[in-house]
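Listed below, chain by chain, are the residues.
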Amino acid sequence: MSELKNRHHIITALVENKAGVLARIAGLFARRGFNIYSLAVAPTHDPDISRFTIVVDVESAPLHQIVSQLDKLINVVEIKELDPTEALERELLLTTVNADSRSRSEIIQIVSALGGSIVDAGISHITVELAGTPDTIDTLEELLRSFGIVATQRTGRVALPKLRTENSFETGSRNFKVFN
Amino acid sequence: MELTGAQALIKSLEHQGVEVIFGLPGGAILPVYDPLLESTIRHILVRHEQGAGHMAEGYANVTGRAGVAMVTSGPGATNIVTPLANAMMDSTPLVVVTGQVPTTSIGTDAFQECDITGITMGITKHNWLVKDANDISNTIAEAFYVATHGRPGPVLVDIPKDVSNDLIDYAEPDDVSLPGFKYISEPDPEAVRQACKLILEAKRPVFYVGGGVLKSRASEALKILVEQTGIPVVTTLMARGAFPDDNPLCLGMPGMHGNYTAVTAIQQSDLLIALGSRFDDRVTGKVSEFAKHAKVIHADIDAAEIGKVRVPDVALIGECRRSIEELTRGLTESASQLSKPNENLLPLDIGDWINQINSWKETYPLSYDKSESDTIKPQYVIESISNLQEEGTIVVSGVGQHQMWASQYWKFNNPYSWVNSGGLGTMGFAVPAAIGAKVGRPDKAVWAIDGDGCFQMTAQELITSSAENIPVKIAILNNAYLGMVRQWQQMFYEERYSEVYLSPDLPDYVKWAEAMGCVGFRVDTPEEVIPTIEKANEINDKSVVIDFRTDITEKVFPMVPAGKSNDEIIVGPFGKKS
Ligand SMILES: Cc1ncc(C[n+]2csc(CCOP(=O)(O)OP(=O)(O)O)c2C)c(N)n1
Ligand SMILES: [Mg+2]
């Protein structure tokens with residue numbers, strides 16, 4: 001698992017919001033044999049620009065190769081790797097688990113301990129929501145597995161570089177160019 | 001000025017300085033063909049849209065300008081897919097305009113609808129579907145900009161019929177603004193310094209010159225760098241002519257069918273200086289065995305080429321010409337800083353290496369069996385055409401054995417005198433590409449060296465050449481076979497020949513040539529070779545086709561079997577030490 005995680009890198013890209021850009025990006029991954037682990041995309045505060053957060057598996061190709069091929073796409077305005085230690089990462093999980101009268105309170109306890117909440121409940125199941133770091137979400141998924149997961153949707157990672165000010169105590173660390 | 005979208009399109013092309021369009025009309029592009037009647041742009045009506053694409057490529061290769069082709073939607077568009085893929089592989093600037101069904105019909109499986117932007121996404125640098133006639137002039141400006149800047153390549157602009165018919169207020173294009181289109185022109189000075197250091201330390205350096213040198217018009221700069229350093233040069237299939245074959249430091253073509261010296265010099269080098277080349281598998285053979293002990297300097301305008309196949313020690317990302325010029329400048333500077341009094345670091349002190357190379361040249365020259373006097377050796381035909389050529393002749397080839405022999409046996413002394421399909425290996429490239437080259441350089445003689453198989457794929461474009469008065473000369477090396485495939489079946493499939501026989505007489509090439517308005521000759525004996533070439537050279541008002549009946553069994557050597565190390569080069573038919 002941790003080895004797999006080491007292979008995962010976060011790419012963040014600002015992309016012109018034009019018809020077909022998703023196809024261009026997905027098509028490039030497909031034809032070059034690059035692996036996408038997750039992909040999240042939505043417009044930024046500038047409606048002409050969308051931000052893609054792509055988690056890639058560098059088993060298939062070196063990161064530099066993936067980033068520089070993507071950078072060649074005319075619609076990709078800016079692209080870079082986000083170092084996890086310099087990034088804010090979040091993901092949203094919705095999951096429905098089996099919950100009878102005996103397990104229900106235990107599930108609720110676990111979910112609230114990890115900062116999640118219950119968004120729906122029926123006689124035999126509960127649907128929970130958790131927004132958090134991918135690690136927290138992995139943990140919750142793991143803990144809920146024994147109750148029987150009915151359905152799961154994760155959004156895939158979204159991420160932003162941490163903003164630093166000049167006199168921040170961490171100014172010695174690698175500086176990210178802030179896009180917008 | 002009120003114009004239709006179609007008029008705006010033609011105006012936009014004129015604005016780009018387009019002098020010729022290769023194309024063929026149809027329903028969805030009909031509106032655009034109407035204002036063409038009043039345009040200064042010459043239109044060349046092809047017989048198949050693949051021909052239009054390859055003609056545009058031939059034109060682009062010899063002029064350095066973008067080639068332009070225009071076709072209709074659906075089958076017209078899909079017929080030009082092969083040239084787009086070819087141009088993408090060989091970094092040839094093309095602008096292809098396709099008609100599309102009206103915007104109101106897109107997505108309904110309308111007659112001759114085809115998602116050509118979807119199909120060509122992976123084989124163009126970029127493509128556009130224009131949905132508003134007001135966008136035409138800016139889109140065309142962007143299309144030419146993208147095709148010709150950075151690493152050149154093909155683009156496609158898809159124009160729905162209603163967009164062509166709409167009335168708009170035409171305005172000349174704004175300055176191109178493409179925030180996502182970026183390339184670096186100037187190499188990093190620190191990288192240049194490191195590269196110079198490696199060069200000055202090298203004992204067995206080689207310049208590995210690729211098509212990028214031609215694309216960036218760097219032949220002159222390269223000559224200066226070679227003179228300054230004394231480093232030997234190999235020119236890849238895409239770079240033949242970028243450095244003159246008659247220079248003693250030119251080792252010729254490396255790779256699968258490269259000559260022994262070029263292949264072995266790379267293998268044994270301690271410093272490989274890749275200039276606009278991309279470590280293609282036809283050059284490297286087995287990558288892990290390729291130039292194993294060499295440090296690598298890689299100069300390329302495309303950052304994605306750096307480390308794609310081989311991780312270099314120093315990367316020079318920038319225009320090839322600028323990188324070469326900066327190396328020359330940097331070397332002069334470093335040499336004067338590092339040299340002791342009365343010591344000259346340039347040219348490099350690599351006499352032993354040059355001696356070694358010269359002894360390989362002597363021991364393993366390119367050669368073929370000249371003892372049989374009654375069969376025509378294909379190599380002999382090529383040598384003869386090359387020897388008898390008018391100064392500055394452009395030679396074009398198809399794909400197969402004849403292509404490799406052309407690259408090996410033609411004497412290339414000028415840049416832009418060689419046009420071929422390298423990366424995609426497209427049979428049928430030669431005839432239309434030769435016509436396009438002649439359109440681009442009407443002042444030069446154009447010869448195509450073609451295979452019988454290749455010729456049959458696109459020969460009908462000779463009708464175009466006759467109709468449009470674009471005289472070219474085609475030498476068919478008629479070995480009655482899909483010869484290159486036959487060679488592989490002979491060498492690697494125990495002579496089990498499967499579907500490679502074509503027949504020497506079917507079709508009758510002379511009659512076919514005549515039917516297409518050309519002069520046709522047939523050559524059966526070695527004695528007739530030279531006189532017939534001379535006759536062809538004298539015909540300047542018509543295209544000429546010569547059917548040379550060449551040796552069926554002749555194979556291309558040297559050869560590095562696919563996937564093998566370049567050290568396993570087979571020099572001739574009788575093994576390594578032929
Ligand atoms: C369009 C296309 N189809 C198939 C091939 C595979 N192929 C490569 S060389 C070759 C034979 C070419 O025959 P010919 O034109 O007679 O040339 P020769 O090798 O005999 O000189 C073939 C079939 C190809 N390169 N391109
Ligand atoms: Mg043949």
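Residues numbered from 1 in each chain as written. Chains lettered and ligands numbered in written order. Predicted model: local features only at pLDDT ≥ 70, side-chain atom pairs only at ≥ 80, totals over all residues. Heavy atoms only, no water.

Draft legend 1. Just the overall build of chain B, in detail. Tallying secondary structure elements over chain B gives 23 helices and 19 strands in all. The C-alpha radius of gyration computed for chain B amounts to 25 Å, which stays within 12% of the reference 25 Å derived for 578 residues, consistent with globular compactness. C-alpha atoms of chain B, sized along the principal axes, occupy 75 × 60 × 40 Å. The 578 residues of chain B split such that 61% are buried. Averaging the positions of the 47 positive and the 73 negative side-chain charges in chain B gives two centres separated by 6 Å. (Helix = DSSP H or I, 4+ residues; strand = E, 2+ residues; numbered from the N terminus. Rg over C-alpha atoms; globule rule 2.2 N^0.38 Å. Buried < 20%, exposed > 50% of the residue type's maximum accessible area, 1.4 Å probe, protein only. Lys, Arg positive; Asp, Glu negative; His and termini not counted. Charge placed at Lys NZ, Arg CZ, Asp CG, Glu CD.)

Draft legend 2. Highlighting helix 7 (residues 136-148) of chain B. Residues and elements named next belong to chain B. Over its 13 residues, helix 7 extends 18 Å from the first C-alpha to the last, a length consistent with the 18 Å expected when each residue adds 1.5 Å. Within helix 7 the residues assigned to the buried category are Ile136, Ser137, Thr139, Ile140, Ala141, Glu142, Ala143, Phe144, Val146 and Ala147. Contacts from the buried residues of helix 7 go to helix 1 (5-15), strand 4 (67-71), strand 5 (94-100), strand 6 (126-129), strand 7 (154-160) and helix 8 (161-165). Phi turns positive one or two residues past the end of helix 7, at Gly150, with a value near 65 degrees. (Expected span 1.5 Å × (residues − 1). Contact = heavy atoms within 4.5 Å.)

Draft legend 3. Quick look at the interface of chain A and chain B. Of the residues lining the interface, 16 residues belong to chain A; the matching set on chain B comes to 17 residues. Both faces combined, the contact of chain A with chain B buries some 1,400 Å², and carbon together with sulfur accounts for 56% of it. At the junction of chain A and chain B, the tally comes to 2 salt bridges. Our count for the chain A to chain B interface comes out at 6 residue pairs in polar contact (both at pLDDT 80 or more). If you list the elements that add at least two residues to the side of chain A that touches chain B, you get helix 2 (21-32), helix 3 (63-72) and strand 4 (76-82) of chain A. (Buried area = accessible area lost by both parts, 1.4 Å probe. Salt bridge = Lys/Arg side-chain N within 4 Å of Asp/Glu carboxyl O. Polar contact = N/O pair within 3.5 Å; in protein donor to acceptor, adjacent residues only side chain to side chain.)

Draft legend 4. Structural context of the site of ligand 1. Residues and elements named next belong to chain B. Lining the immediate surroundings of ligand 1 are 16 residues, of which Gln401, Gly425, Asp452, Cys454 and Gly483 lie closest. In this structure, an oxygen atom belonging to ligand 1 sits 2.7 Å away from a main-chain N or O atom of Gly483. In the environment of ligand 1, an oxygen atom lies 2.8 Å from a nitrogen or oxygen atom belonging to the backbone of Met484. Expressed as a share of its isolated accessible area of 580 Å², the protein-covered part of ligand 1 is 75%. Contributing elements (two or more residues each) for the shell around ligand 1: helix 17 (401-409), helix 19 (452-458) and helix 21 (483-492). For the shell around ligand 1, the per-class residue count stands at 7 nonpolar, 8 polar and 1 charged. (Near = heavy atom within 4 Å. Areas by Shrake-Rupley, 256 points an atom, 1.4 Å probe, with all protein chains shown as cover. Nonpolar A, V, L, I, M, F, W, Y, C, P; charged D, E, K, R; others polar.)

Draft legend 5. A look at the domain arrangement of chain B. All names here are of chain B. The domain architecture assigned to chain B consists of domain 1 (2-169), domain 2 (189-363) and domain 3 (378-560). Computed from C-alpha atoms alone, the centre-to-centre distance between domain 1 and domain 3 is 30 Å. Between domain 1 and domain 3, the contact holds 24 residues from the first and 29 residues from the second. When the two sides are added together, the surface that domain 1 and domain 3 hide from each other amounts to roughly 2,000 Å², 65% of it contributed by carbon and sulfur. When the buried area of domain 1 at its contact with domain 3 is split by residue, Arg47, Met55 and Val62 rank highest and sum to 30% of it. (Domains from an automatic or database assignment.)

Draft legend 6. Quick peek at the nonpolar core. Residue and element names in this part refer to chain B. Counting residues in each nonpolar core, the largest one holds 65 residues, and the members touching the most others are Leu272 and Leu275. Per-element tally for this core: the top contributor is helix 9 (residues 189-201), with 7 residues. Counting 48 residues, the second-largest nonpolar core is a separate cluster that includes Ile394, Val396, Val439 and Ile476. (Core = buried A, V, L, I, M, F, W, Y, C linked by side-chain atoms within 4.5 Å.)

Draft legend 7. Fine view of the coordination of the magnesium ion (ligand 2). All names here are of chain B. Looking at the magnesium ion (ligand 2), the protein donor atoms are Asp452 (OD), Asn479 (OD1) and Tyr481 (O), and they sit 2.0 to 2.1 Å from it. Positions of the donor residues of the magnesium ion (ligand 2) along the chain correspond to the pattern D-x26-N-x1-Y. Exposure class is identical for Asn479 and Tyr481. Each is buried. (Donors = N, O, S within 2.8 Å, 3.2 Å for Na, K, Ca; no water.)

Draft legend 8. A look at the sheet that holds strand 10 (residues 233-235) of chain B. All names here are of chain B. Ordered in space as 10-9-11-12-13, the 5 strands form an open sheet in which the pairing is parallel. Every interior strand has two partners, whereas the edge strands, strand 10 and strand 13 (314-317), have only one. When strand polarity is set aside, the average angle formed by the axes of neighbouring strands in this sheet is 15 degrees. Bridge analysis of strand 11 (residues 271-275) against strand 12 (residues 295-300) gives 5 bridges, and the strand direction is parallel. Bridged to Leu275 within strand 12 is Ala299. (Pairing = 2+ DSSP bridges. Axes fitted to C-alpha atoms, helices over the stretch in contact; angles between N-to-C directions.)

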